[in-house]
Amino acid sequence: MKIASIRTHYVRVPFDMGAPLKDMGGIKFPTMDHLLIELRTEDGLVGWGEGFGHNAIPATKAALECFVAPWFIGKDAGAINALHREAAQAFHILGRNGPVVYALSGVDIALWDIAAKRAGVPLHRLLGGARRDHLAAYASLLRYGDPQTVARICKKCVEEGYRAIKLHEIDVAAVLAAREAVGPEIAIANDVNCPWSVAEAIEQERALRPAALAWLEEPVFPPEDHKGLAHVRARGSTRIAAGENAAGLHDFRDMFERGAIDIAQPSVTKIGGVTEMLKIIALAEAHSVELLPHCAYFGPGNLASIHIAASLAKDTMLERLYAAFAESPYGKSMDAHEGRIAVPQGPGLGIEPDMALVEKFRWGDPADIT
Ligand SMILES: [Mg+2]
């Protein structure tokens, strides 16, 4: 069935992280922003996708509206693998990472939503089936910067039932305060978002050892320095995670071949959608690397991540940004209860957005590509 139209919705949803946040480089979080992609086929089926994200949304939206969405109009919505390959080739000259690929990722997610709806099954059934109806989630805290605040929020997470927490702290004191607050039984990871040289990362990994981290995420800048990351991993004793900034399957191949990471973290809204995720999952298995999807959003990309994680052979935790919403287009469907998130069982992604709330939180006009 042919793709008839693609509509973009930019929504900005207010949220609460429990305390004031520090900016993380160029990323600011005044609101939780999403680019929702509504894809319609000629016979009236609607699929939802999401392209990354946050401050990059105006650029992703422009890429989608100017040339990515028009390319897909009139093409066969059911030929996902072929379209994925052809689109990647058509647009490679415009960038193999960043807004162009984020836009392609969003369309790919919407096509998988439609494929599962057409089959009348939840997406995880098309991905091989899910043995579990809930996923363990880890609370992913943004950067508070203050050890006392970090300790207080970590305790709150544990009270709410989380057994694993990820910090985004660059100061050792804040990380040690988290460990002190929750004791030895709770898993704590730390995501530093690429601040250090290789030499600095080796030093910091050593300083962080008393916190007994479950993993250290993206210690090295630039993220494409896989050789440097492999050096940090070889010199340290903490497991190393990375991948949210990778450019597709081949970047992961390079990381795996160099022995750079213990945990691969592809992001479905950044890496090329569900189709690219499936390739990376297979490759990670071939290299005995654990896979934990990056999932720092609350739209169709989060739902797709839940279905993907649910379909894996091994139990995998889901990243759940520690943010509370009074209202959001997807309601409470991605909330964790006792540290667990339910796997949607409806057709496709399983949850449809509340269009009244999409209207309420809309930023700018929707664009229609036909
Ligand atoms: Mg990260």
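Just so it is clear, the structure is predicted and the values come from calculations on it, not from any experiment. (Residues numbered from 1 in each chain as written. Predicted model: local features only at pLDDT ≥ 70, side-chain atom pairs only at ≥ 80, totals over all residues. Heavy atoms only, no water.)

## Quick look at the packing of aromatic side chains
So the rule is basically this: Any Phe, Tyr or Trp ring, taking Trp's six-membered ring, that has another such ring centre within 6.5 Å forms a pair; planes under 30 degrees apart are called stacked, those over 60 apart edge-to-face, and the others tilted. The way it works is that DSSP assigns letters per residue, a run of H or I at least four long becomes a helix, a run of E at least two long becomes a strand, and they are numbered from the N terminus. Categorising residues by exposure relies on relative accessible area from a 1.4 Å probe, with only protein chains included: less than 20% of the type maximum marks a residue as buried, more than 50% marks it as exposed, and the intermediate range marks it as partly exposed.
Under the definition given, this model contains 10 aromatic pairs. With a centroid separation of 5.9 Å and 50° between ring planes, the pair formed by F252 and F256 is classed as tilted. Here the residue F252 and the residue F256 both occupy positions in helix 9 (residues 248-257), the gap between them amounting to 4 residues, near one helical turn. The exposure class of F252 is buried, given its relative accessible area of 0%. Geometrically, the ring pair formed by F298 and F325 is edge-to-face, given 4.8 Å between the ring centres and 70° between the ring planes. Taken together, the residues span a long stretch of sequence, with F298 in the loop between strand 10 (290-291) and helix 11 (300-311) and F325 in the loop between strand 11 (318-321) and strand 12 (340-342) at a distance of 27 residues. Each member of the pair F298 and F325 is classed as buried.

## What to know about the domain arrangement of the protein
Definition in use: Bear in mind that the domain bounds are from an automatic or database domain assignment. We call two residues contacting when some pair of their heavy atoms lies within 4.5 Å. Computed with a 1.4 Å rolling probe, the buried area is the accessible surface lost when two parts are put together, summed over both parts. Any carboxyl oxygen of Asp or Glu that lies within 4 Å of a side-chain nitrogen of Lys or Arg is treated as forming a salt bridge with it. We call two N or O atoms a polar contact when they sit within 3.5 Å, provided that within protein one can donate a hydrogen and the other can accept it, with sequence-adjacent residues counted only if both atoms are side-chain atoms.
Structurally, the protein comprises domain 1 (3-120 + 354-369) and domain 2 (125-342). Taking only C-alpha atoms into account, the centre of domain 1 sits 23 Å from that of domain 2. Contact with domain 1, which involves 41 residues of that partner, is made by 45 residues of domain 2. Buried surface at the junction of domain 1 and domain 2, summed over both partners, amounts to about 3300 Å²; 65% is from carbon and sulfur atoms. If you sort the residues of domain 1 by the area they bury against domain 2, M17, M24 and W112 come out on top, with a joint share of 19%. At the boundary of domain 1 with domain 2, the tally comes to 1 salt bridge. Its salt-bridge partner being K360, residue E327 comes within 2.5 Å of it at the nearest N-O pair. Inspection of the domain 1/domain 2 interface yields 20 residue pairs in polar contact (both at pLDDT 80 or more).

## What to know about helix 1 (residues 57-72)
Filter applied, for reference: Here, expected helix span is obtained from the residue count minus one, scaled by 1.5 Å. Consider a residue and the seven residues that end there alongside the seven that start there; fitting an axis to each set, the bend is the angle between those axes.
Spanning 16 residues, helix 1 covers only 20 Å between terminal C-alpha atoms, well under the ideal 22 Å at 1.5 Å per step. Of all the bends found along helix 1, the most pronounced is centred on E65 and spans about 50°. Within the sequence span of helix 1, burial applies to I57, T60, K61, A63, L64, V68, A69, W71 and F72. Where helix 1 is buried, its residues touch strand 1 (3-13), strand 2 (32-41), strand 3 (46-51), helix 2 (80-91), helix 3 (99-119) and strand 13 (367-369).

## What to know about the packing of helix 2 against helix 3
The cut-off we apply is this: Axes here refer to lines fitted to C-alpha atoms; in helices the fit is confined to the stretch in contact. Angles between the N-to-C directions go from 0 to 180 degrees. Here is the rule for angles: anything less than 35 degrees is roughly parallel, anything more than 145 is roughly antiparallel, 65 through 115 is roughly perpendicular, and the remaining ranges are oblique. Note on convention: near helix rotated counterclockwise from far helix by under a right angle means a left-handed crossing. Clockwise means right-handed.
As a packed pair, helix 2 and helix 3 sit with axes 11 Å apart at the nearest point and diverge in direction by 170°. The angle between the axes of helix 2 and helix 3 places the two elements in the roughly antiparallel class. Here the hand of the crossing between helix 2 and helix 3 comes out right-handed. Residues I80, L83, H84, A87 and F91 of helix 2 lie in contact with helix 3, whose contacting residues are V100, L104, D108, L111, W112 and A115.

## Some words on unusual backbone geometry
For the bond from F52 to G53, the omega torsion is -20°, close enough to zero to count as cis. With an omega of -5°, the peptide bond running from F221 to P222 counts as cis. The topology assignment puts P222 in the loop between strand 7 (216-217) and helix 8 (226-235). Look at N193: it is not a glycine, yet its phi comes out positive at around 60°. Relative to the helices and strands, N193 resides in the loop between strand 6 (187-191) and helix 7 (198-208). Classification of N193 by relative accessible area gives partly exposed; the value is 29%. Notably, A212 is not glycine yet its phi reads approximately 50°, a positive angle. Residue position: A212 is located in the loop between helix 7 and strand 7.

## Things to note about the packing of helix 1 against helix 2
This is how the line gets drawn: Each residue is assigned to one of three groups, with Ala, Val, Leu, Ile, Met, Phe, Trp, Tyr, Cys and Pro labelled nonpolar, Asp, Glu, Lys and Arg labelled charged, and all others, Gly among them, labelled polar.
At a minimum axis distance of 11 Å, the contact between helix 1 and helix 2 shows a crossing angle of 145°. Every pair of crossing elements has a handedness; the one defined by helix 1 and helix 2 is right-handed. Where helix 1 approaches helix 2, its residues F67, V68, W71 and F72 are matched on the opposing element by L83, E86, A87, A90 and F91. Counted by class, the contact of helix 1 with helix 2 contains 8 nonpolar, no polar and 1 charged residues.

## Some remarks on the coordination of the magnesium ion
Applicable threshold: Each metal site lists N, O and S donors within 2.8 Å (3.2 Å for Na, K and Ca). With water left out of the atoms, a site can look as if it is missing ligands.
Those donors, D191 (OD), E217 (OE) and E244 (OE), are the protein atoms that reach the magnesium ion, and they lie 1.9 to 2.1 Å from it. Read N to C, the donor residues that coordinate the magnesium ion are spaced as D-x25-E-x26-E. Separated by 27 residues along the polypeptide, E217 in strand 7 and E244 in the loop between strand 8 (240-242) and helix 9 bring together distant segments of the chain. Assessed through its relative accessible area of 0%, E217 is described here as buried.

## Comments concerning the environment of G98
Within the element layout of this structure, G98 appears in the loop between helix 2 and helix 3. Since its relative accessible area comes to 9%, G98 is described here as buried. For G98 and P122, which are 24 residues apart along the polypeptide, the C-alpha to C-alpha distance reads 29 Å.

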